[in-house]
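# Structural description and commentary
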Amino acid sequence: MRRLVSCVLLLSSFALAPGCATYTQDLDRARSHYEANRFEQALALFRVLEHDTDSFSVPERAQYAYLRGMTDYRLADLAPQGTGVSDPRKGYRDNARHWLGLAAAIEKQTPGGITSEQKGRLTETLADLNRDVYGGAETLPDGAAPEAAPQPDAAPASPAESPEPAAPTL
């Protein structure tokens, strides 16, 4: 009887082994969903994998962050327009900016996880998402600082900066 139980356990472990997937296989499956424009399925897999990203190699982490961010970015375009805090588009865009920023940081620190085509798309997409946060100001040349706009009703910061009172005219 004992031998029969051990044989059954051994055989069932062999039968179940092909059903087990590694994190890398799950990442590849999520990538294939993304590439096939099945963004909801891709996002579901990315959310499951999120807590296990420390099991990825550095290039896989960059790919995960890139694909997760791009998935959220694509879903933002497909989501219905909401209002105020219940705007799903804003939520997707915020998440996309987070993940794409993380992908850019990983790629900057350890290059090689993202292809050159993906880098170009990453740069364009982050620029679009950053306009949500920083506004659509014109691009400044490198090294140029924006000039502070004068505040007409602002009080001086210190007495030394206050203008001399004008002499009364009689």
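Quick summary incoming for the structure in this document. (Residues numbered from 1 in each chain as written. Predicted model: local features only at pLDDT ≥ 70, side-chain atom pairs only at ≥ 80, totals over all residues. Heavy atoms only, no water.)

## Regarding the environment of Thr125
Topologically, Thr125 is positioned in helix H6 (residues 116–134). Residues Thr125 and Leu100 lie 25 residues apart in sequence; the distance between their C-alpha atoms is 8.3 Å. Once residues within four sequence positions are removed from consideration, Thr125 is found in contact with Met70, Tyr73 and Leu100. (Helix = DSSP H or I, 4+ residues; strand = E, 2+ residues; numbered from the N terminus. Contact = heavy atoms within 4.5 Å.)

## Thoughts on the nonpolar core
In this structure, Phe46, Tyr64, Tyr66 and Leu100 are the most contacted members of the largest nonpolar core, which totals 27 residues. Those elements that provide at least two residues to this core are helix H2 (23–35), helix H3 (39–49), helix H4 (58–78), helix H5 (88–109) and H6. For this core, the element with the most residues is H4, which contributes eight residues. The residues touching Tyr64, leaving out its near neighbours within four places in the chain, are Leu27, Phe46, Arg47, Leu49, Glu50, Thr53, Phe56 and Trp99. (Core = buried A, V, L, I, M, F, W, Y, C linked by side-chain atoms within 4.5 Å. Buried < 20%, exposed > 50% of the residue type's maximum accessible area, 1.4 Å probe, protein only.)

## Some points on the packing of H3 against H4
Contact geometry for H3 and H4: axes closest at 10 Å, N-to-C directions at 140°. Our classification of the angle between H3 and H4 gives oblique. With respect to the hand of their crossing, H3 and H4 are arranged in left-handed fashion. Along its contact with H3, which presents Phe39, Glu40, Ala42, Leu43, Phe46, Arg47 and Leu49, the element H4 presents Tyr64, Leu67, Arg68, Thr71, Asp72, Arg74, Leu75 and Leu78. Across the contact of H3 with H4, the residue classes tally to nine nonpolar, one polar and five charged. (Axes fitted to C-alpha atoms, helices over the stretch in contact; angles between N-to-C directions. Parallel < 35°, antiparallel > 145°, perpendicular 65-115°, else oblique. Left-handed = near helix turned anticlockwise from the far one by under 90°. Nonpolar A, V, L, I, M, F, W, Y, C, P; charged D, E, K, R; others polar.)

## Some remarks on the pattern of salt bridges
All told, the structure shown has 10 salt bridges when counted by the stated rule. In this structure, Asp94 and Lys90 form a salt bridge, with 2.9 Å as the shortest nitrogen-oxygen distance. Of the two residues, Asp94 and Lys90 are both situated in helix H5; the distance of four residues between them amounts to about one turn of the helix. Taking the relative accessible area as the measure of exposure, Asp94 reaches 39% and is therefore partly exposed. Across the pair Arg131 and Asp128 runs a salt bridge, and its minimum N-O distance is 3.7 Å. Here Arg131 pairs with Asp128, and both are found in helix H6, just three residues apart, close to one helical turn. Connected through salt bridges with shared partners, the residues Arg93, Asp128, Arg131 and Asp132 form a single ionic network. (Salt bridge = Lys/Arg side-chain N within 4 Å of Asp/Glu carboxyl O.)

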